[in-house]
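The primary structure of each chain is shown beneath.
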Amino acid sequence: MASWPKALVKGFQRLLPGFGRGKVTRDDLFIGEALKRSGTITEVQLKTALDTQRQILMQEGKAVRLGRLIVNLGYAVEADIIETIKTEFQIEVTSLTDD
């Protein structure tokens, strides 16, 4: 694996806790666990999605939102993820591109 400049890694670590250490963010775990609890995805699908998310970050240097990745992997449809987010976090979401 290519070596990243220390300053770049430190910048990513500030923006994305766990960058370079193979960890996922707290928000990803919350959303992933909520999707698992609701039956939207399985434990295996969550683990695969988190591993894929980490690989994309390490290989391409870009973060991918977990919900979008789960849809892209074909594990769930966007409407089911939005409904789970609305229910679990009691916030209004209309699409996975909402900030």
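Further up the page is the structure itself.
A look at the overall build of the chain
Scanning the chain from terminus to terminus reveals 5 helices and 0 strands. Starting at the N terminus and ending at the C terminus, the chain contains elements arranged as α-α-α-α-α. Looking at the chain as a whole, 36% of its 99 residues qualify as buried. Here the chain has roughly 6500 Å² of accessible surface; of this, 54% comes from carbon and sulfur atoms.

Overview of the pattern of salt bridges
Using the criterion set out here, one finds 8 salt bridges in the structure. Arg54 serves as the salt-bridge partner of Asp51, at 2.9 Å between the closest nitrogen and oxygen. Of this pair, Asp51 and Arg54 both sit in helix α3 (residues 43-60), 3 residues apart, which is roughly one turn of that helix. Judged by relative accessible area, which is 24%, Asp51 ranks as partly exposed. For the salt bridge of Glu78 with Arg68, the shortest nitrogen-to-oxygen distance reads 3.3 Å. In this pair, Glu78 is assigned in helix α5 (residues 78-89) and Arg68 in helix α4 (residues 66-72), connecting sequence segments 10 residues apart.

Focus: the nonpolar core
In this structure, Ile41, Leu66, Ile70 and Ile81 are the most contacted members of the largest nonpolar core, which totals 13 residues. Of all the secondary structure elements, the ones that give two or more residues to this core are α3, α4 and α5. If we skip the residues at most four places from it in the chain, Ile81 touches Leu35, Thr40, Gly67, Ile70, Val71, Ala76 and Leu96.

Considerations on α5
With 12 residues, α5 should cover 16 Å at 1.5 Å per step; its first-to-last C-alpha distance of 16 Å lies within 8% of that length. One or two positions beyond α5, positive phi appears at Gln90, with a value near 50°.

A word on the environment of Leu73
Assignment of secondary structure puts Leu73 in the loop between α4 and α5. Its relative accessible area of 33% is what places Leu73 among the partly exposed residues. Residues Leu73 and Thr48, spaced 25 residues apart in sequence, show a C-alpha to C-alpha distance of 9.4 Å. Dropping the residues within four chain positions of it, Leu73 is found in contact with Ala49 and Thr52.

Thresholds, definitions, all that
- Residues numbered from 1 in each chain as written.
- Predicted model: local features only at pLDDT ≥ 70, side-chain atom pairs only at ≥ 80, totals over all residues.
- Heavy atoms only, no water.
- Helix = DSSP H or I, 4+ residues; strand = E, 2+ residues; numbered from the N terminus.
- Buried < 20%, exposed > 50% of the residue type's maximum accessible area, 1.4 Å probe, protein only.
- Areas by Shrake-Rupley, 256 points an atom, 1.4 Å probe, with all protein chains shown as cover.
- Salt bridge = Lys/Arg side-chain N within 4 Å of Asp/Glu carboxyl O.
- Core = buried A, V, L, I, M, F, W, Y, C linked by side-chain atoms within 4.5 Å.
- Contact = heavy atoms within 4.5 Å.
- Expected span 1.5 Å × (residues − 1).

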